[in-house]
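# Fold and contact review
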Amino acid sequence: MKQIKYVIVIASLWLGLMSTVHAERIKDLASVAGVRTNQLVGYGLVVGLDKSGDRTLFTGQALRSMLARLGLTLPPNIDPRARNVAAVSVHAELPPFSKPGQTIDVTVSSIGDAKSLRGGSLLMSPLKGADGQVYAVAQGNLVVGGLSAGGLDGSKITINNPAVGRIPNGATVEREVATPFADGQFLVFNLHNADFTNANRMAAEINRTFGKNTATAIDATSVKVSAPSDTSQRVMFTSMVENLTLAADDAPARVIINSRTGTVVINGKVTVQPAAVTHGSLTVTVSESPQVVQPEPFGGGETAVVPQTDIIVEEENNRMFVFNPGVSLDEIVAAVNNIGAAPSDLVAILEALKSAGSLRAELIVI
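I will try to describe carefully the structure that is included in this document. None of these values were measured; they are calculated from a predicted model.

### What to know about the pairing of strand S5 (residues 103-110)
With respect to burial, S5 is a largely interior element, six of its eight residues being buried. Alignment of strand S4 (residues 85-94) against S5, held across four bridges, turns out to be antiparallel. Across the sheet, the residue bridging to serine 89 is serine 109, located in S5. As paired strands, S5 and strand S10 (residues 164-173) are joined by six bridges and run antiparallel to one another.

What follows is the structure, encoded as structure tokens:
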């Protein structure tokens, strides 16, 4: 009996390990509704450039306006345009639960004709949200990964993009964005990818851990979970829910084709029903080689150039190959590789299989 019990324990441990191989945390599959980032955008001036700034009129107007706010009024007949100043847009993402005094990264992009922002400093620029309120203020020295250099003869070299830079921790949060996390009796978890199976499994796992009727699947995306009303307990409860694991279902069978780059991606659920395929290309080459024709002596003719056309027709001798019922992804790739099909040929084969009703997958062209 001891030996039998030992074997059962080993088997149960092995099954447990097998069940957790493909398990994923809920925090990797879903997010809490209302807990989201917010986009911020602003306008500013970058100064201190090495004669690589703007020549545009609105940059001079912005500089004049900034100096006026600082108490310096320029005469109307003075053009404040300078090559060491550039007008830029400043944008950032405000993470959820950000508090005043915390810092966030900002991205600075030229909106004028500046050649480079390298070596510049962003002056104080308020960042506003979609509601027009100021939520952060940005300022600091730019980190530019691009480089541009040119010579007097017109030669020029550019590495990456010198007209865009970042300021790590360059903005200070001034206003907190309210979130519905602490409101109501429920928390709603939204799946990153809508799937009825995963929503049902998530609700079942939460109910198995915390008790019956704790979670309810609303639809293919949302799962409503009863949560404590106390904020500290709700934070602890959310952490426990996020760290629950479940065996996520595989994505539907899809074939993704990028028509611009020729990239083809086939997931593991794609199968092919019985079909016979042959694929080859017909190449027609037409070459013109003009020849000079001279008349016979004393024939009275004239020397002329006569075109001579050579036409060559070549057709690849590719044999037909057969897909058996329920062919897997490995067999599809092996069959296509055996005939030496290029990406464009593979696209043609997949489209033909889909039209014939043999491709059991959704064909998506992006």
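### Considering the packing of aromatic side chains
Throughout the structure, instances matching the rule amount to two aromatic pairs. Here phenylalanine 97 and phenylalanine 181 contribute two aromatic rings whose centre-to-centre distance is 5.9 Å and whose plane-to-plane angle is 80°, an arrangement assigned as edge-to-face. Remark: phenylalanine 181 occurs in the loop between S10 and strand S11 (186-191) and phenylalanine 97 occurs in the loop between S4 and S5; sequence separation between them is 84 residues. Overall, phenylalanine 181 belongs to the buried group, its relative accessible area being 11%. The ring centre of tyrosine 135 lies 5.6 Å from the NZ or CZ of arginine 175, which sits over that ring.

### Focus on the sheet that holds strand S13 (residues 222-226)
An order of S2-S11-S13-S12 is seen for the four strands of this open sheet, with the pairing classed as antiparallel. Strands at the two margins of the open sheet, each flanked by one partner only, are strand S2 (30-32) and strand S12 (215-217). When the angles between neighbouring strand axes are averaged without regard to direction, this sheet yields 25°. As paired elements, S12 and S13 share three bridges and run antiparallel to each other. Bridging from a neighbouring strand, alanine 215 pairs with valine 225 of S13. Across the sheet, helix H5 (residues 231-242) touches S2, S11 and S13, and the angle it forms with S11 is around 30°.

### Topic: the sheet that holds strand S16 (residues 264-266)
The three strands are arranged S16-S15-S25 in an open sheet whose pairing can be described as mixed. A single partner strand is all that each edge strand has here, and the edge strands are S16 and strand S25 (362-365). Put simply, the sheet's adjacent strands are angled 15° from each other on average, direction ignored. Sheet analysis places strand S15 (residues 254-257) next to S25, joined by four bridges and oriented parallel. Counted as the bridge partner of isoleucine 256 is isoleucine 364 from S25.

What counts as what
Residues numbered from 1 in each chain as written. Predicted model: local features only at pLDDT ≥ 70, side-chain atom pairs only at ≥ 80, totals over all residues. Heavy atoms only, no water. Buried < 20%, exposed > 50% of the residue type's maximum accessible area, 1.4 Å probe, protein only. Helix = DSSP H or I, 4+ residues; strand = E, 2+ residues; numbered from the N terminus. Pairing = 2+ DSSP bridges. Phe/Tyr/Trp six-rings, centres within 6.5 Å; stacked < 30°, edge-to-face > 60°. Lys NZ or Arg CZ within 6 Å of the ring centre and 35° of its normal. Axes fitted to C-alpha atoms, helices over the stretch in contact; angles between N-to-C directions. Contact = heavy atoms within 4.5 Å.

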